[in-house]
2 protein chains.
Amino acid sequence: MKNKIGDQTIKFTNCPRIIGNYAIVGEKEGNGTFKDYYDFILKDDLFGEKTFEHAERKIIEQAISQSIEKAKLNISDIDLLIGGDLLNQIISMSFTARYFDRPFLGVYGACSTMAESLAIGAALVNAEYVKNVVCSTGSHFSSAERQYRFPLELGNQRPPTSQWTVTGAGSSILSLSGEGHKITMATFGKVTDYGVSDVNNMGAAMAPAAMSTLISHFQDTKTTPDDYDLILTGDLGKLGSEILMDLMEHNGYKLGKNYNDCGQMIFNNNQKTFQGGSGAGCSAAVLNSFILKKMDEGVFKKVLFAATGALLSTLSSQQGDSIPGICHAVVIEKGR
Amino acid sequence: MKNKIGDQTIKFTNCPRIIGNYAIVGEKEGNGTFKDYYDFILKDDLFGEKTFEHAERKIIEQAISQSIEKAKLNISDIDLLIGGDLLNQIISMSFTARYFDRPFLGVYGACSTMAESLAIGAALVNAEYVKNVVCSTGSHFSSAERQYRFPLELGNQRPPTSQWTVTGAGSSILSLSGEGHKITMATFGKVTDYGVSDVNNMGAAMAPAAMSTLISHFQDTKTTPDDYDLILTGDLGKLGSEILMDLMEHNGYKLGKNYNDCGQMIFNNNQKTFQGGSGAGCSAAVLNSFILKKMDEGVFKKVLFAATGALLSTLSSQQGDSIPGICHAVVIEKGR
């Protein structure tokens with residue numbers, strides 16, 4: 001297998017590039033850490049729609065259409081849309097894809113979906129099956145909260161280990177031609193389950209999956225954490241990130257100052273989100289705003305983007321199952 | 001793009017082969033048309049589990065592990081699992097993937113998931129990213145019924161346009177080496193919506209998507225329906241198949257005796273399923289039993305497998321949305 005390295009990693013010698021990217025977030029996220037980096041901040045989380053679910057579609061639609069525009073392409077130039085979201089049957093992405101009328105692959109990796117989409121997209125572009133691919137995902141606090149937890153009207157108290165689902169979406173256009181940062185590798189994650197069953201502690205449930213993928217990546221590529229300017233998990237939050245650092249250290253890998261987590265970073269400490277942000281939109285929005293802009297500036301030259309997802313449903317938890325996690329990773333290297 | 005044909009189709013010049021396949025179905029399906037072709041027929045739809053959801057996982061797990069065995073491989077030889085299912089957050093496949101401890105890509109194409117998995121799997125194998133890939137999906141009548149429709153205890157009356165979700169799973173092992181039928185092309189489908197909103201008439205909702213993908217495939221590959229021994233849709237059912245034939249004829253394509261639909265075929269007329277079978281397990285079980293065995297025998301030499309999916313959720317229907325459909329297709333050619 002000429003394009004495989006080690007057990008779980010594949011390499012892209014044609015260097016698919018991110019030629020356009022866009023991040024859109026809700027009002028609360030727009031008051032957070034990266035407020036100066038987003039392309040668009042909603043004034044109203046309903047975004048002029050009648051339901052939060054329709055608003056979620058609309059923010060993903062805007063992320064996709066604007067990323068296409070930023071790549072200086074037309075919709076007809078897009079060969080394939082890849083994406084998914086957190087709602088049952090990934091309706092946000094499927095209904096959005098209907099609007100674009102281009103071939104569509106629905107994927108589901110919970111909050112790891114941005115990395116999963118980029119990994120599949122880069123693989124298909126690199127092999128010259130398709131030229132221009134949209135990779136996108138998003139989430140909405142209000143639609144996720146009422147699907148996964150409680151009716152919003154209940155005003156339920158949030159436990160201290162909880163995270164806040166990000167209202168936001170990100171979209172990246174991958175292409176073989178054009179200028180942009182390069183995706184050079186992808187590591188496909190394994191479903192990992194350490195038996196955590198607390199649905200209010202997703203960081204703890206997902207940290208073992210992040211550990212599994214990071215260690216496999218380092219082993220496959222014969223690299224160490226020091227070889228990256230930034231190792232970025234998706235939405236482990238503060239507690240989950242600490243658990244990951246502990247787990248890594250127990251396995252002989254020290255994650256230092258070059259490690260961070262989108263969920264841990266996205267909100268300010270005074271925004272009362274406890275462990276930070278979560279949701280498919282969390283890593284999608286942070287990657288497609290702050291991270292890629294800092295790569296433009298040369299602050300980061302080599303980023304290991306490892307988005308994490310908790311693969312539970314309300315029903316699996318009700319039936320007493322623990323929470324499996326997954327983490328897919330892509331390496332992004334500065335290309336302009 | 002050296003591996004692309006036309007607008008939506010990609011070709012696999014390295015010819016990934018189906019080196020192992022397995023189909024498992026429930027008791028009702030085991031009394032249906034293809035009773036002599038399945039690898040395993042359940043005696044009890046709970047399959048020894050406490051819930052139908054856990055049974056659904058177990059049938060997918062058996063399909064995967066036995067297909068690996070039929071391919072004369074060990075689990076450690078598998079580079080990647082690709083699959084999804086109909087339950088919220090694709091928990092059946094995610095929890096099953098946990099058991100195998102191999103890299104996993106979750107996909108969601110509703111009942112088109114078998115074709116979507118095969119298309120992505122063949123693309124990744126063909127490009128030499130991975131050697132051996134499992135492509136699998138399944139569904140369970142009882143878990144689907146109570147998630148999408150009504151509590152089973154209600155004994156709700158079924159309308160005449162309805163279909164019966166198949167209890168079953170299929171798994172195919174794709175590989176660059178070994179003997180087996182070849183996947184030579186894939187056509188990625190567009191999300192297509194003609195405005196059908198009747199959740200008891202999925203065939204009508206999905207037929208336009210099947211038409212879209214079939215026409216694109218014929219145009220991209222400069223073929224006609226006559227170039228295939230069998231053109232097989234996934235689960236349009238009797239009514240949906242008739243609608244598809246009408247739609248195709250209006251567009252200048254006559255689907256003749258070489259057209260059929262897994263949903264239309266899978267049950268006998270006296271099994272009271274109205275329009276026939278449906279569900280991700282429907283096309284997965286039929287492909288991995290009857291179709292591949294008839295290809296072994298040389299009855300079919302070139303099959304266009306076009307699985308169809310309805311991309312709705314209960315919530316999208318409750319919010320008044322219509323039902324978008326999608327259809328992904330792969331070409332399978334006799335290889336032994």
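Preceding this section is the structure that the text describes.
Let me begin by describing the structure that accompanies this report. (Residues numbered from 1 in each chain as written. Chains lettered and ligands numbered in written order. Predicted model: local features only at pLDDT ≥ 70, side-chain atom pairs only at ≥ 80, totals over all residues. Heavy atoms only, no water.)

Here's the deal with the interface of chain B and chain A
Accessible area lost during the coming together of the parts is what is often quoted as the interface size.
Then, number 1: Of the residues lining the interface, 64 residues belong to chain B; the matching set on chain A comes to 64 residues.
Then, number 2: In total, chain B and chain A occlude about 5,300 Å² of area from one another, counting both sides; carbon and sulfur atoms represent 59% of this.
Then, number 3: Its largest share of buried area at the contact with chain A, chain B owes to B:Met1, B:Gln89 and B:Tyr129, together 16% of the area lost on that side.
Then, number 4: Counting every contact that joins chain B to chain A gives 8 salt bridges.
Then, number 5: The salt bridge involving A:Lys4 is made with B:Asp79; its shortest N-O contact spans 2.5 Å.
Then, number 6: Taken together, the elements giving at least two residues each to the side of chain B that touches chain A come down to β2 (9–11), α2 (52–70), α3 (91–100), β6 (104–106), α4 (113–126), α5 (141–149), α10 (314–318) and β15 (325–333) of chain B.
Then, number 7: With 6 residues, α4(B) is the single largest residue contributor to the side of chain B that touches chain A. (Contact = heavy atoms within 4.5 Å. Buried area = accessible area lost by both parts, 1.4 Å probe. Salt bridge = Lys/Arg side-chain N within 4 Å of Asp/Glu carboxyl O. Helix = DSSP H or I, 4+ residues; strand = E, 2+ residues; numbered from the N terminus.)

Section: the relation of the copies chain B and chain A
Then, number 1: Structural alignment of chain B on chain A gives an RMSD of 0.0 Å, achieved by rotating through 180° and translating 0.0 Å along the axis. Here the two chains are linked by the operation of a two-fold rotation axis. When each C-alpha of chain B is compared by its distance to the rotation axis, B:Val107 comes out closest, at 2.0 Å.
Then, number 2: A high fraction, 100%, of the interface residues of chain B reappear at the interface in chain A, so the copies pair face to face through one surface. (Least-squares fit on C-alpha atoms with pLDDT ≥ 70 in both.)

Here's the deal with the pairing of strand β5 (residues 80–85) of chain B
Two faces make up the sheet, and in a regular strand the side chains alternate between them.
Residue and element names in this part refer to chain B.
Then, number 1: Of all the 6 residues making up β5, 6 are buried; the element is thus mostly covered by neighbouring parts of the structure.
Then, number 2: Along β5, one buried face is formed by Leu 80, Ile 82 and Gly 84 and the opposite face, lined by Leu 81, Gly 83 and Asp 85, is buried too.
Then, number 3: Two elements, β5 and strand β7 (residues 132–139), share 6 bridges in a ladder whose sense is parallel. Bridging across to β7, Leu 80 finds its partner in Val 133. (Buried < 20%, exposed > 50% of the residue type's maximum accessible area, 1.4 Å probe, protein only. Pairing = 2+ DSSP bridges.)

Quick notes on the pattern of salt bridges
Then, number 1: Applying the stated criterion to the full structure yields 22 salt bridges over all chains.
Then, number 2: A salt bridge links B:Arg98 to A:Asp193, with the nearest nitrogen and oxygen atoms 2.5 Å apart. Linking B:Arg98 in helix α3 with A:Asp193 in the loop between β10 (181–187) and α6 (202–221), this pair reaches from one chain into another.
Then, number 3: Take B:Arg98: its relative accessible area is 27%, and that puts it in the partly exposed class.
Then, number 4: B:Glu145 serves as the salt-bridge partner of B:Arg149, at 3.2 Å between the closest nitrogen and oxygen. Taken together, the positions of B:Arg149 and B:Glu145, both in helix α5 and 4 residues apart, correspond to about one turn of that helix.
Then, number 5: On the basis of relative accessibility, which here comes to 28%, the residue B:Arg149 falls in the partly exposed class.
Then, number 6: On the basis of relative accessible area, B:Glu145 is assigned to the buried category, the value being 10%.
Then, number 7: Taken together, the shared-partner salt bridges connect A:Glu145, A:Arg149 and A:Arg158 into one network.

Quick look at α4(B)
Then, number 1: Counted at 1.5 Å a residue, the expected span for α4(B) with its 14 residues is 20 Å, and the 19 Å between its end C-alpha atoms agrees.
Then, number 2: Of the residues flanking the end of α4(B), it is B:Glu128, one or two places downstream, whose phi is positive at about 60°. (Expected span 1.5 Å × (residues − 1).)

Here's the deal with the nonpolar core
Then, number 1: With 108 residues, the main nonpolar core has A:Leu124, A:Phe305 and B:Phe305 as its most contacted residues.
Then, number 2: A:Leu124 has contacts with A:Leu80, A:Ile82, A:Leu105, A:Tyr129, A:Val130, B:Ala123 and B:Phe188, leaving out every residue within four places of it along the chain.
Then, number 3: Grouped together as the second largest cluster of nonpolar side chains are 66 residues, A:Ile90, A:Ile173, B:Leu86 and B:Val134 included. (Core = buried A, V, L, I, M, F, W, Y, C linked by side-chain atoms within 4.5 Å.)

Here's the deal with the packing of aromatic side chains
Then, number 1: In total, this model carries 20 aromatic pairs over all chains according to the counting rule given.
Then, number 2: Seen from their ring centres, A:Phe12 and B:Tyr129 are 5.8 Å apart, and the 80° between their planes marks the pair as edge-to-face. On the criterion of chain membership, the pair formed by A:Phe12 in the loop between β2 (9–11) and β3 (17–25) and B:Tyr129 in the loop between α4 and β7 is interchain, its members lying in two chains. As far as the burial class goes, A:Phe12 and B:Tyr129 line up, both buried.
Then, number 3: Judged by centre distance (4.9 Å) and plane angle (85°), the rings of B:Tyr99 and B:Phe100 are edge-to-face.
Then, number 4: B:Phe100 sits in the buried class, given a relative accessible area of 4%.
Then, number 5: Through successive ring pairs, a cluster of aromatic residues spans A:Phe34, A:Tyr37, A:Phe290 and A:Phe300. (Phe/Tyr/Trp six-rings, centres within 6.5 Å; stacked < 30°, edge-to-face > 60°.)

Here's the deal with the state of the cysteines
Then, number 1: Taken as a whole and assessed by the stated rule, the structure comprises 0 disulfides over all chains.
Then, number 2: Among the cysteines around A:Cys282, which has no disulfide bond, A:Cys262 carries the closest sulfur, lying 5.5 Å off.
Then, number 3: On the basis of relative accessibility, which here comes to 0%, the residue A:Cys282 falls in the buried class.
Then, number 4: Note on B:Cys327: no disulfide assigned, nearest cysteine sulfur contributed by B:Cys262 at a separation of 11 Å.
Then, number 5: The exposure class of B:Cys327 is buried, given its relative accessible area of 0%. (Disulfide = S-S within 2.5 Å.)

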